[in-house]
Amino acid sequence: MNRNIDFTTGSIQRGIVQFAVPLFLGNLFQQLYNAADSLIVGNYLGPEALAAVSSSGSLIFMMVGFFNGVALGAGIVISKCFGARDYDRLGKAVHTDIAFGLASGIFLTFFSVLFTPTILRLMKTPEDILPQSISYFRIYSYGIIFSVVYNFATGIMNALGDSRHPLYYLVISSVTNVVLDVFFIRGLGYGVGSAALATTISQAISMVLCIGKLTKEKTFYQVRLKELRLDGPMLREIVRFGLPAGIQNSVTAFANLIVQTNINTFQSNAVAGSGAYSKIEGFVFLPITCFSLALTTFMGQNLGAKNYDRAKKGARFGIVCSMSMAELIGVALFIFAPFLVALFNDDPAVVAYGTRQARIESLFFCFLALAHCIAGILRGAGKAAVPMYIMFGVWCALRVAYITVALSFVHRIEIIYTAYPLTWTISCICFIWYLAKADWLHGLEQKI
């Protein structure tokens, strides 16, 4: 208990920050080992190999996004049980969560390995990078089960206020990934598939460490392997909370997949430049993700304990912190974009494309932060359907429609770049309208 943060007591600001900082560092290391593939591949194997890795990013997120959303739903159930001190239901939720994660990971691994070439061809992956894309994604697919189970396990830890141990395990897996990338590609001279192999091995290590921690922890939520089973009523509750987030992740990823398909219609330098930018943008998500997850756990625990005023104060604090940090990073990216893109590949055309995208999007990161934080607050409050509808309508349907129609008139890649800040801003307007209409800050206890 003393290793977990109880959000229902003590300083609101200190509790959120203490929880968010390890999340920030953990996501930083995760992003570093995601970027390691692109950095090493781009510098040692060239822009075509970098484009091959980049073209798989949206597809990978689409494959695992749904189940990660369901894992988030399990975290909401667990955090509410923790806040209400209902330890019997908490133990049942933890075991159902892990069992569902294992089943989901097995299914997703078989599916992705089997259909890799078909999916990449449907994405209109350029022919000059298709063989390398297939090699990278197929090898990565063998390790999807490790990624899925890891996310379910860390979701349990985060829901219980433990963001430190996921950090430790990510540090270990990140260092392993970078070392293996260098060893396979620079040391042994292997191709792009070895970068996926390094990621698979590192994900397996982090999963084993997480499951080992949960099985050895002598607490009321200790995982006992012989008790892993799908409890019907608990699974239905988990899916009720997690299905909207899962659907949101999937449709958003599908929309990004369509966006990536449009990017693939340009030359491979544009694909590589966009891929390099996406790795940089991943670092922008660090404060956004950590505060969004912190707010989901904070809201879940405090609403479970019926601390409504405390929940409202924490929501305001988290939003201000996330927006401020995201915008500061955006300004820095606007200034240093050429240097940062060149770290991945110094081809002038690649740098030009990546820099152009960075400078169109970076100053709007505060709106991206606002949207994610409000979505996190609503999920923690059990209203996950609201961000699902808004993000589906704006980030998916509107974004794809805008790109499709605009590109039919002007076939310029800047059309794709502008779609993101445009839809971030519109989604914020929708969220603010909903909160004002629901009298969120003045009537939370009547609305939840």
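Reading the values: the criteria
- Residues numbered from 1 in each chain as written.
- Predicted model: local features only at pLDDT ≥ 70, side-chain atom pairs only at ≥ 80, totals over all residues.
- Heavy atoms only, no water.
- Core = buried A, V, L, I, M, F, W, Y, C linked by side-chain atoms within 4.5 Å.
- Buried < 20%, exposed > 50% of the residue type's maximum accessible area, 1.4 Å probe, protein only.
- Helix = DSSP H or I, 4+ residues; strand = E, 2+ residues; numbered from the N terminus.
- Contact = heavy atoms within 4.5 Å.
- 1 Å grid on protein atoms, 1.4 Å probe; cavity = no way out; pocket = protein on both sides within 12 Å on 5 of 7 lines; lining within 4 Å.
- Points joined across faces, edges and corners; volume = space filled by probe spheres on them.
- Nonpolar A, V, L, I, M, F, W, Y, C, P; charged D, E, K, R; others polar.
- Axes fitted to C-alpha atoms, helices over the stretch in contact; angles between N-to-C directions.
- Parallel < 35°, antiparallel > 145°, perpendicular 65-115°, else oblique.
- Left-handed = near helix turned anticlockwise from the far one by under 90°.
- Patch = residues over 30% accessible without salt bridge, like charges linked within 9 Å, V, L, I, M, F, W, Y side chains within 5 Å.
- Areas by Shrake-Rupley, 256 points an atom, 1.4 Å probe, with all protein chains shown as cover.
- Salt bridge = Lys/Arg side-chain N within 4 Å of Asp/Glu carboxyl O.
- Expected span 1.5 Å × (residues − 1).
- Bend = angle between axes of the 7 residues up to and from the residue.
- pLDDT = per-residue confidence, 0-100.
- Phe/Tyr/Trp six-rings, centres within 6.5 Å; stacked < 30°, edge-to-face > 60°.
- Lys NZ or Arg CZ within 6 Å of the ring centre and 35° of its normal.
- Polar contact = N/O pair within 3.5 Å; in protein donor to acceptor, adjacent residues only side chain to side chain.

### A few points about the nonpolar core
Ranked by size, the top nonpolar core spans 71 residues in total, and within it Ile-16, Leu-333, Phe-365, Ile-416 and Phe-431 carry the most contacts. Of the residues forming this core, the biggest block, 15 residues, is contributed by helix H10 (residues 268-304). Those residues within four positions of Ile-16 in sequence are excluded, and the remaining contacts are Phe-7, Phe-291, Ala-294, Leu-295, Phe-298, Gly-314 and Phe-317. Ala-49, Ala-74, Ile-76 and Ala-153 belong to the second largest nonpolar core, which has 54 residues in total.

### What about the layout of surface pockets?
The probe, sized like a water molecule, is rolled over the atoms to show the empty space still left. Volume-wise, the largest pocket comes out at about 280 Å³. What lines the largest pocket is a set of 14 residues, and nearest its centre among them are Ile-280, Phe-283, Val-284, Ile-329 and Leu-340. Only helix H1 (12-44), H10 and helix H11 (308-342) provide two or more residues apiece to the lining of the largest pocket. Looking at the lining of the largest pocket, its residues break down into 14 nonpolar, no polar and no charged.

### Considering the packing of H11 against helix H12 (residues 348-361)
Interaxial distance between H11 and H12 falls to 9 Å at its minimum, and their mutual angle equals 155°. As judged from the angle between their axes, H11 and H12 are roughly antiparallel. Considering only the axes of H11 and H12, their crossing is right-handed. Between H11 and H12, the contacting residues are Leu-333, Phe-334, Ile-335, Ala-337, Pro-338, Val-341 and Ala-342 on the first element and Val-350, Val-351, Gly-354, Thr-355, Ala-358 and Arg-359 on the second. Here the contact of H11 with H12 is composed, by residue class, of 10 nonpolar, 2 polar and 1 charged.

### A short note on a nonpolar patch on the surface
A cluster of nonpolar side chains, namely Val-331, Phe-334, Ile-335, Phe-336, Leu-363 and Phe-364, defines an oily patch on the protein surface of about 510 Å² accessible area. Classification of Phe-334 as partly exposed rests on a relative accessible area of 32%.

### Quick word on helix H9 (residues 232-263)
Between its terminal C-alpha atoms H9 stretches 43 Å, which fits the 46 Å expected from 32 residues at 1.5 Å a residue. In the structure, H9 departs most strongly from a straight axis at Gly-242, where the bend amounts to approximately 45° and where the proline Pro-244 lies between one and four residues downstream.

### A short note on the confidence of the model for the protein chain
Across the protein chain, the average pLDDT comes to 81, with 93% of residues at 70 or higher. At the low end of the mean pLDDT range in the protein chain sits helix H16 (residues 444-447), at 43; at the high end sits H12, at 91. In the predicted structure, residues 440-448 sits below a pLDDT of 50 and forms 22 contacts with residues beyond four places in sequence or in another chain.

### What about the packing of aromatic side chains?
The description of an aromatic ring pair rests on the distance of the ring centres and on the angle between the ring planes. Per the stated rule, a full pass over the model turns up 9 aromatic pairs. Look at Phe-184 and Tyr-190: their rings are 6.2 Å apart centre to centre, the planes differ by 25°, and that puts the pair in the stacked class. Taking the relative accessible area as the measure of exposure, Phe-184 reaches 10% and is therefore buried. Residue classification places Tyr-190 among the partly exposed positions, given a relative accessible area of 45%. Pairwise contacts between aromatic rings join Phe-107, Phe-111 and Phe-115 into one cluster. One cation-aromatic arrangement involves Arg-359 over Phe-334; the distance from NZ or CZ to the ring centre is 5.5 Å.

### So, the packing of H12 against helix H15 (residues 414-437)
Here H12 crosses H15 at 25°, and the two axes come no closer than 9 Å. Taken together, the axis directions place H12 and H15 in an arrangement best described as roughly parallel. Both H12 and H15 take part in a crossing whose hand is right-handed. Between H12, through Tyr-353, Arg-356, Gln-357, Ile-360 and Glu-361, and H15, the contact on the second element is made entirely by Glu-414, Tyr-417, Thr-418, Tyr-420, Pro-421 and Trp-424. Of the residues that constitute the contact of H12 with H15, the class distribution is 6 nonpolar, 2 polar and 3 charged.

### Describing the environment of Thr-418
Looking at the secondary structure, you find Thr-418 in helix H15. We classify Thr-418 as partly exposed; its relative accessible area is 28%. A distance of 2.8 Å separates the side chain of Thr-418 from the side chain of Tyr-402, its partner in a polar contact.

### Observations concerning H12
For H12, which comprises 14 residues, the first-to-last C-alpha distance of 20 Å matches the rise-based estimate of 20 Å (1.5 Å per residue) to within 8%. Here H12 has its buried residues at Val-350, Val-351, Tyr-353, Gly-354, Thr-355, Gln-357, Ala-358 and Glu-361. Capping the start of H12 is the job of one residue whose side-chain oxygen sits 2.9 Å from the backbone nitrogen of Ala-349: Asp-347.

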